[in-house]
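# Residue-level structural notes
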Amino acid sequence: TLSGRDANVIRPVFNATGILLHTGLGRAPLAAEAAAAAEQAARGYCNVELDLASGQRTQRSKIVEQNLDGMLVSNLKNVRYLSGFTGTAGAMVITPGEDFFLTDFRYAVQAQTEVIGPKIIEYKEPIASVAQLARENKIATLGFEADHVSCAKAGKMRDELGAATMKTTTGL
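Residues numbered from 1 in each chain as written. Predicted model: local features only at pLDDT ≥ 70, side-chain atom pairs only at ≥ 80, totals over all residues. Heavy atoms only, no water.

### Notes on the packing of aromatic side chains
Per the stated rule, a full pass over the model turns up 2 aromatic pairs. With a centroid separation of 5.9 Å and an interplanar angle of 80°, the aromatic rings of Phe 85 and Tyr 107 are classed as edge-to-face. Note that Phe 85 is positioned in the loop between helix H3 (76–83) and strand E2 (90–94) and Tyr 107 in the loop between strand E3 (99–104) and helix H4 (108–114), a separation of 22 residues in sequence. Under the relative-accessibility criterion, Tyr 107 is labelled buried at 16%. Feature note: the residues Phe 85, Phe 101 and Tyr 107 constitute an aromatic cluster, connected by ring pairs. (Phe/Tyr/Trp six-rings, centres within 6.5 Å; stacked < 30°, edge-to-face > 60°. Helix = DSSP H or I, 4+ residues; strand = E, 2+ residues; numbered from the N terminus. Buried < 20%, exposed > 50% of the residue type's maximum accessible area, 1.4 Å probe, protein only.)

This is the structure:
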């Protein structure tokens, strides 16, 4: 067995656990091309939280700066900018760890082809789905676009969210 300083050194190992994607073993091995791209990015600066076109920090950074656990994006122009989705029924929930795209059954196939990155969730009732997502991801404070959510929808979201609080945002 390893002891002392050598016990915590990251090293190649053989996965004989029987678990294909073992989180304690670095998940799945990368393809050679992916490993080369990661190595190239790690050797210099890269735009992890910076939009190169505008020079501005990304939405995820702004969420953290606003002390939010998540952000509901429902303005379709913003949804399109963030996801590439061109349909008329979609929203996003952005969290510090993962992004979610929500749409109804009419746009599920379109979302699968257009949305790259966020996890796609097909909903039956949008506000209930956002509330469920907030509970599952332990979102205590959910921001929303105040300029694009009616008072009635904001009230319904507050009722559905239960213990979570909502925070109005503008200009994100």
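### Considerations on the sheet that holds strand E6 (residues 165–169)
In space, the 6 strands of this open sheet follow the order E4-E3-E2-E1-E5-E6, with mixed pairing throughout. The sheet terminates laterally at strand E4 (119–123) and E6, the two strands that pair on one side only. Going across the sheet, the axis of each strand differs from the next one's by a mean of 25°, ignoring polarity. Pairing analysis gives 3 bridges linking strand E1 (residues 70–73) to strand E5 (residues 141–145), with the strands arranged parallel. Residue Gly 70 lies in a different strand from E5, and its bridge partner there is Leu 142. Across the sheet, helix H5 (residues 126–136) is in contact with E1, E2, E3, E4 and E5; its angle to E3 comes to roughly 155°. (Pairing = 2+ DSSP bridges. Axes fitted to C-alpha atoms, helices over the stretch in contact; angles between N-to-C directions. Contact = heavy atoms within 4.5 Å.)

### Examining the nonpolar core
Within soluble globular proteins, side chains that are nonpolar generally end up buried alongside one another. By size, the foremost hydrophobic cluster in this structure holds 32 residues, and its most contacted members are Leu 72, Val 93, Phe 101, Leu 102, Phe 144, Met 157 and Leu 161. Elements with a minimum of two residues in this core: E1, E2, E3, H5, E5 and helix H6 (151–161). Setting aside residues up to four positions removed in sequence, Leu 72 forms contacts with Ala 91, Met 92, Val 93, Val 130, Leu 142, Gly 143, Phe 144, Glu 145 and Met 157. (Core = buried A, V, L, I, M, F, W, Y, C linked by side-chain atoms within 4.5 Å.)

### A word on the side chain of Thr 141
Locating Thr 141 in the fold gives a position in strand E5. Given a relative accessible area of 18%, Thr 141 falls into the buried group. Those residues in contact with Thr 141 that lie beyond four places of it in its chain are Asn 67, Leu 68, Asp 69, Gly 70, Thr 165 and Lys 167.

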